[in-house]
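# Structural overview
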Amino acid sequence: MLEFSAQAAAAGVDAGLSPLLVELIKIRASQLNGCAFCLKMHVADAVKAGETSDRLAVLAGWWESQYFSAEEQAALQIAERVTLLSDHGRLADRGVDVDGVLTEKQIAAVTWLTVVINSWNRIAVSSHYPVAP
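Every chain begins its residue count from 1, and numbering advances along the sequence as written. The predicted nature of this model means local features are confined to residues of pLDDT at least 70 and side-chain atom pairs, given and counted, to a pLDDT of 80 or more, with totals for whole chains, interfaces and linings taken over all residues. Side-chain measures were taken over the full set of non-hydrogen atoms in the model, leaving aside hydrogen atoms and water.

In the annotation of an unreviewed UniProt entry, the protein is listed under the name Carboxymuconolactone decarboxylase family protein and assigned to Microbacterium croceum.

The structure is reproduced here in structure tokens:
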């Protein structure tokens, strides 16, 4: 998992994704999966990278706000599609033109980053990692 995670992170850097965007992807997938361990870790990492409390507060409803750039919206839509794969066809259309905003390399990197965080979420949730104040 560590090697897989490192390769996905390198793909994100190679595709020009900002560290903050990478954390938003991880947070959104972890919200959908209910992974408290990963949420605590990646929210802290996002804050260290300069994320604001306002944006974190509305991330779960990102499509209803004007806080996120077109690139961020496209990445978050991919993260939701990959995370909620079994709900394909039932996901709300967020009105984001992913292909018109992100390059193929960026789409691939966001997809791999989402697959990795989903894997970590499943490990943490099924292992009942402790999350205390």
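After presenting the structure, the write-up continues.
## Focus: the packing of aromatic side chains
Each aromatic pair joins two rings of Phe, Tyr and Trp (for Trp, the six-membered one) with centres within 6.5 Å, and gets the label stacked for planes under 30 degrees apart, edge-to-face for over 60, and tilted for any other angle. Tallied over the entire structure, the rule returns three aromatic pairs. Both rings, one in F37 and one in Y129, keep their centres 4.9 Å apart while their planes meet at 85 degrees; by these two values the pair is edge-to-face. Here the residue F37 occupies a position in helix α3 (residues 36-48), and Y129 occupies one in the segment after α7 (104-127), the gap between them amounting to 92 residues. For F37, a relative accessible area of 29% gives the class partly exposed. Classification of Y129 as partly exposed rests on a relative accessible area of 35%. A helix here means a DSSP run of H or I that spans at least four residues, while a strand means a run of E at least two residues long, and both kinds are numbered starting from the N terminus. Think of it in three bands: residues with accessible area under 20% of the maximum for their type are buried, residues over 50% are exposed, and the middle band is partly exposed, with areas taken using a 1.4 Å probe on protein chains only.

## Re α3
In this model α3 runs 18 Å from its N-terminal to its C-terminal C-alpha over 13 residues, within 8% of the 18 Å that 1.5 Å per residue would give. Where α3 is concerned, the buried positions are C38, H42 and A46. Considered in projection along α3, the buried side chains sweep an arc of 60 degrees and stay on one side of the axis. Of the surrounding secondary structure, the elements contacted by the buried residues of α3 are α2 (19-33) and α7. Positive phi shows up at G50, right after α3, with a value of about 105 degrees. To estimate how far a helix should reach, multiply one less than its number of residues by 1.5 Å. Taken from the helix axis, the directions to the C-beta atoms give the arc we talk about. Should any heavy atoms of two residues lie within 4.5 Å, those residues are considered in contact.

## So, helix α5 (residues 70-83)
For α5, spanning 14 residues, the distance from its first C-alpha to its last is 20 Å, which sits close to the expected 20 Å at 1.5 Å a residue. Looking at α5, one finds that the buried residues are E72, A74, A75, L76, Q77, I78, A79, E80 and T83. Looking at the buried positions of α5, the neighbouring elements they touch are α2, α4 (53-58), α6 (98-101) and α7.

## Section: the pattern of salt bridges
Salt bridge criterion: a side-chain nitrogen from Lys or Arg within 4 Å of a carboxyl oxygen from Asp or Glu. Tallying each qualifying case throughout the model produces five salt bridges. Close ionic contact of K105 with D14 constitutes a salt bridge, the shortest N to O distance being 3.1 Å. Remark: D14 occurs in helix α1 (residues 2-14) and K105 occurs in helix α7; sequence separation between them is 91 residues. Residue classification places K105 among the partly exposed positions, given a relative accessible area of 45%. Residue class for D14 comes out exposed when judged on its relative accessible area of 51%. Measuring nitrogen to oxygen at the nearest pair gives 2.9 Å for the salt bridge that ties R28 to E80. Taken together, the residues span a long stretch of sequence, with R28 in helix α2 and E80 in helix α5 at a distance of 52 residues.

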